[in-house]
Amino acid sequence: MSSIQEVQNEIISEFEILGDDKESTIFYIMELGNGLEKFPEEEQIEANIIKGCQSKVWLIADEKDGKVHYQADSNTDITKGLISLLIRVLNDRTPQEIISAELDFIHKIGMGGIIGSQRSNGLAAMIKQMKLYALAFQAKQNA
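Keep in mind it's a predicted model, so treat the numbers as computed, not measured. Each chain carries its own residue numbering, running from 1 in the direction its sequence is written. Residues qualify for local features only when their pLDDT is at least 70, as the model is predicted, and side-chain atom pairs are given and counted only at 80 or more; totals for whole chains, interfaces and linings, by contrast, use all residues. Each side-chain value is worked out from all heavy atoms of the structure, with water and hydrogens disregarded.

## Some words on the UniProt feature "domain: Fe-S metabolism associated" (unreviewed entry) in the chain
Phase 1: UniProt positions are given in the numbering used here, feature names are shortened, and annotations may be inferred rather than shown by experiment. The feature "domain: Fe-S metabolism associated" (unreviewed entry), as given by UniProt, occupies residues 20-131 in the numbering adopted here.
Phase 2: Along residues 20-131, the helical share is 50% and the strand share 14%, with 30 Å between the first and last C-alpha atoms. Counting from the N terminus, the helices are the DSSP runs of H or I reaching at least four residues and the strands are the DSSP runs of E reaching at least two.

Now the structure itself:
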């Protein structure tokens, strides 16, 4: 399995190919959301919605063999694409890897300029929620 940094470098390379074409970049992000694992319909409940997102984003996490597995969905394609990027980087990692991950790919691909400030706040909320799940699983492991 590639390291968190290797996965981020892959993403940076993919976005470099798109260059400064904002329209293509947004379309690409939206396409990425189609690759998300099917989200269980019964989990589309208020308790699983990430607070601080403009769109509805559902996120759940399970721990298996000491690693955190995320599943997510959203009611908008762009947000679905954004959460899929985060899942690609952080999925099936140990809680410690997730907690200490520096997600520099977001800055390096200029995500803020692509998605604007409202969605950037939502993206920060997604990262925070993913790290909170990892923190909870780590506490459980250490109990």
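## Comments concerning the pattern of salt bridges
Oppositely charged side chains can form a pair if their charged atoms are brought close together.
Phase 1: Salt bridge, as used here: a side-chain nitrogen of Lys or Arg that lies within 4 Å of a carboxyl oxygen of Asp or Glu. In the structure shown here, the tally under the stated rule is four salt bridges.
Phase 2: Across the pair R88 and E10 runs a salt bridge, and its minimum N-O distance is 3.5 Å. Taken as a pair, R88 in helix α3 (residues 77-90) and E10 in helix α1 (residues 4-18) lie far apart in primary sequence, 78 residues in all.
Phase 3: The residue K80 makes a salt bridge to D73 at a minimum N-O spacing of 3.3 Å.
Phase 4: Only protein chains enter the accessibility calculation, which uses a 1.4 Å probe. A residue is then buried if its area is under 20% of the maximum for its type, exposed if over 50%, and partly exposed in between. Classification of D73 as buried rests on a relative accessible area of 14%.
Phase 5: Salt bridges linked by common partners bring E10, E14 and R88 together as one network.

## Concerning the pairing of strand β2 (residues 67-74)
Phase 1: Buried residues dominate β2, accounting for six of its eight residues.
Phase 2: DSSP calls a pair of strands paired once it identifies at least 2 bridges connecting them. The pairing of strand β1 (residues 57-64) with β2 spans eight bridges and is antiparallel. Across the sheet, the residue bridging to E63 is V68, located in β2.
Phase 3: Linking β1 to β2, which pair antiparallel, is a turn of two residues; within it D65 sits at a positive phi near 55 degrees.

## Let's talk about α3
Phase 1: With 14 residues, α3 ought to run about 20 Å at 1.5 Å a step, and its terminal C-alpha atoms sit 20 Å apart, in line with that.
Phase 2: Of all 14 residues in α3, 11 are buried; the element is thus mostly enclosed.
Phase 3: Taken as a whole, α3 has its buried residues at I78, T79, G81, L82, I83, S84, L85, L86, I87, V89 and L90.
Phase 4: Backbone geometry just downstream of α3 places D92 in the positive-phi region, at approximately 60 degrees. One less than the number of residues in a helix, times 1.5 Å, gives the span that helix is expected to have.

## Quick look at unusual backbone geometry
Phase 1: Notably, D65 is not glycine yet its phi reads approximately 55 degrees, a positive angle.
Phase 2: Checked against the element boundaries, D65 lands in the loop between β1 and β2.
Phase 3: Relative accessible area serves as the criterion here: at 74%, D65 is assigned to the exposed category.

## With respect to the nonpolar core
Phase 1: Grouped together as the largest cluster of nonpolar side chains are 41 residues, with contacts concentrated most on Y70, I83, L86, F105 and M111.
Phase 2: Looking at this core, the elements with two or more residues in it are α1, α2 (22-32), β1, β2, α3, α5 (105-108) and α6 (111-142). Here, the term nonpolar core denotes a set of buried Ala, Val, Leu, Ile, Met, Phe, Trp, Tyr and Cys residues that are joined through side-chain atoms within 4.5 Å.

## Quick notes on the side chain of N91
Phase 1: If you trace the backbone, N91 turns up in the loop between α3 and α4 (95-100).
Phase 2: Looking at N91, the relative accessible area reads 13%, which means it is buried.
Phase 3: Throughout this description, a polar contact denotes any pair of N or O atoms lying within 3.5 Å of each other; where both atoms belong to protein, one of them has to be capable of donating a hydrogen while the other can accept it, and for residues adjacent in sequence the pair is counted only when both atoms sit in side chains. A polar contact is formed between the side chain of N91 and the side chain of H69, at a distance of 3.4 Å.
Phase 4: Between two residues, a contact is recorded if the distance between any of their heavy atoms is within 4.5 Å. When near neighbours in sequence (up to four residues on either side) are disregarded, N91 contacts M1, V68, H69, Y70 and L86.

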